[in-house]
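Structural characterization, general
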Amino acid sequence: MKKKHLITWDTAFEVGIASIDSQHRTLINYINELAYTIDNRKIKTEVSTLFIKLYEYTKFHFKAEEAYFFTLNENDCLLHQLQHKHFIEELDRLIALNENETCSQEQLYLLTDWLLNHIQEEDLKFLQQHKP
Ligand SMILES: [Fe+2]
């Protein structure tokens, strides 16, 4: 059976920095895999494992992005960092709420919405303003 993808990578998601674009692609792959797993009502442990993978990768990506953004503009980077922090707190809240570390389809849609919006609006805006 063909995998039903939630998001198809689009050039509109590109911010023009290879390492960041590649990490954003990986994030989207994790989201698609998680959406597929939830859609197909796979066992809870599989959903939990993927959700934790997405959580860990998001933290890794935010750190890497912040390290780069910091070299471009310290003040704006601190503001950007706050947005990342709020997103991680939201993930922490979901994990605590679900106890078993799973994630519902609706929660995943909300997270996906936030991430795509963040990439296309905030990451892009930061780079347009500060990229040398
Ligand atoms: Fe960001």
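Since the structure is predicted, the reported quantities are computational estimates derived from the model, not experimental observations. (Residues numbered from 1 in each chain as written. Predicted model: local features only at pLDDT ≥ 70, side-chain atom pairs only at ≥ 80, totals over all residues. Heavy atoms only, no water.)

1. Quick notes on the coordination of the iron ion
Put simply, a metal with four donors set out as a tetrahedron has ideal angles of 109.5 degrees, and one with six donors set out as an octahedron has ideal angles of 90 or 180 degrees. Around the iron ion, the protein contributes the donor atoms Glu65 (OE), His80 (NE2), His84 (NE2), His118 (NE2) and Asp123 (OD), which lie 2.0 to 2.3 Å from the metal centre. Along the chain, the residues that donate to the iron ion are spaced as E-x14-H-x3-H-x33-H-x4-D. Linking Glu65 in helix α2 (residues 44–72) with His80 in helix α3 (residues 74–98), this pair joins segments that are 15 residues apart in sequence. For His80, a relative accessible area of 3% gives the class buried. (Donors = N, O, S within 2.8 Å, 3.2 Å for Na, K, Ca; no water. Helix = DSSP H or I, 4+ residues; strand = E, 2+ residues; numbered from the N terminus. Buried < 20%, exposed > 50% of the residue type's maximum accessible area, 1.4 Å probe, protein only.)

2. Things to note about the packing of α3 against helix α4 (residues 105–130)
At a minimum axis distance of 11 Å, the contact between α3 and α4 shows a crossing angle of 170 degrees. With respect to each other, α3 and α4 are oriented roughly antiparallel. Taking contact as the criterion, the partners of Asp76, Cys77, His80, Gln83, His84, Phe87, Glu90, Leu91, Leu94, Leu97 and Asn98 in α3 are, on α4, Gln107, Leu111, Trp114, Leu115, His118, Glu122, Asp123, Phe126, Gln129 and His130. When its residues are assigned to classes, the contact of α3 with α4 shows 9 nonpolar, 8 polar and 4 charged. (Axes fitted to C-alpha atoms, helices over the stretch in contact; angles between N-to-C directions. Parallel < 35°, antiparallel > 145°, perpendicular 65-115°, else oblique. Contact = heavy atoms within 4.5 Å. Nonpolar A, V, L, I, M, F, W, Y, C, P; charged D, E, K, R; others polar.)

3. Comments concerning the packing of helix α1 (residues 18–39) against α2
α2 packs onto α1 with a crossing angle of 165 degrees between their chain directions and a minimal axis gap of 10 Å. Considered as vectors, α1 and α2 are oriented roughly antiparallel to each other. For the crossing formed where α1 meets α2, the hand is left-handed. Broken down by class, the residue content of the contact of α1 with α2 amounts to 15 nonpolar, 6 polar and 4 charged. (Left-handed = near helix turned anticlockwise from the far one by under 90°.)

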